[in-house]
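Below, each chain spelled out in residue letters.
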Amino acid sequence: MSYLVNGHEITVNFPVDSISVNKTSIAFTDSQGKNKQTFSKRIEALNFMKWLLSSNK
């Protein structure tokens, strides 16, 4: 599944096992391994985290 932010596509292979948030960075572990995404604004990082949580069912 993909998430689009500012023209950049972030691919996530669910299920997500863990999520870690640090200001503008989100680190998560999905079925392919560990990933880290850094956003320009904190609100973008929070929106991505919300999407991860809602899509991880």
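Let me begin by describing the structure that accompanies this report.

1. Considering the side chain of Asp30
As for its position among the elements, Asp30 is in strand β4 (residues 25–30). Buried charge without a salt bridge: Asp30, with Lys34 as the nearest opposite-charge side chain at an N-O distance of 11 Å. Here the side chain of Asp30 touches Asn35 through a polar contact of 3.3 Å, side chain to side chain. Apart from residues no more than four positions distant in its own chain, Asp30 is found in contact with Thr11, Val12, Asn13, Pro15, Val16, Asp17 and Asn35.

2. A word on the sheet that holds strand β3 (residues 18–22)
The sheet built from three strands is open, its strands ordered β3-β4-β5 with antiparallel pairing. The open sheet has two free edges, formed respectively by β3 and β5 (33–38), since each of these has just one partner strand. Each strand of the sheet is rotated relative to its neighbour by a mean of 15 degrees, with strand direction disregarded. In the sheet, β3 pairs with β4 via five bridges, with the strands oriented antiparallel. Opposite Asn22, over in β4, you have Ser25 as the bridge partner. Where helix α1 (residues 42–55) meets the sheet, it contacts β3, β4 and β5, and its direction lies at approximately 20 degrees from that of β4.

What counts as what
- Along each chain, residues carry numbers from 1 onward, in the same order as the chain's sequence is written.
- For a predicted model such as this one, the threshold for reporting local features is a pLDDT of at least 70, and the threshold for listing and counting side-chain atom pairs is 80 or more; totals across whole chains, interfaces and linings nevertheless cover every residue.
- Side-chain numbers come from the whole structure's heavy atoms, not from hydrogens or water.
- Helix and strand assignments come from DSSP, with helices taken as H or I runs of at least 4 residues and strands as E runs of at least 2, each series counted from the N terminus.
- Any residue under 20% of the maximum accessible area for its type is buried, any over 50% is exposed, and the rest in between are partly exposed; the area is computed with a 1.4 Å probe on protein chains only.
- His is not counted, nor are the chain ends, whereas Lys and Arg count as positive and Asp and Glu as negative.
- Any carboxyl oxygen of Asp or Glu that lies within 4 Å of a side-chain nitrogen of Lys or Arg is treated as forming a salt bridge with it.
- Definition of a polar contact: a pair of N or O atoms within 3.5 Å, with one able to donate and the other able to accept a hydrogen when the atoms are protein atoms, and with sequence-neighbouring residues admitted only if both atoms are side-chain atoms.
- By definition, residues are in contact when any of their heavy atoms lie within 4.5 Å.
- At least two DSSP bridges between two strands are required for those strands to pair.
- Axes, fitted as lines to C-alpha atoms, cover a helix only where it is in contact. Angles between the N-to-C directions of the axes lie from 0 to 180 degrees.

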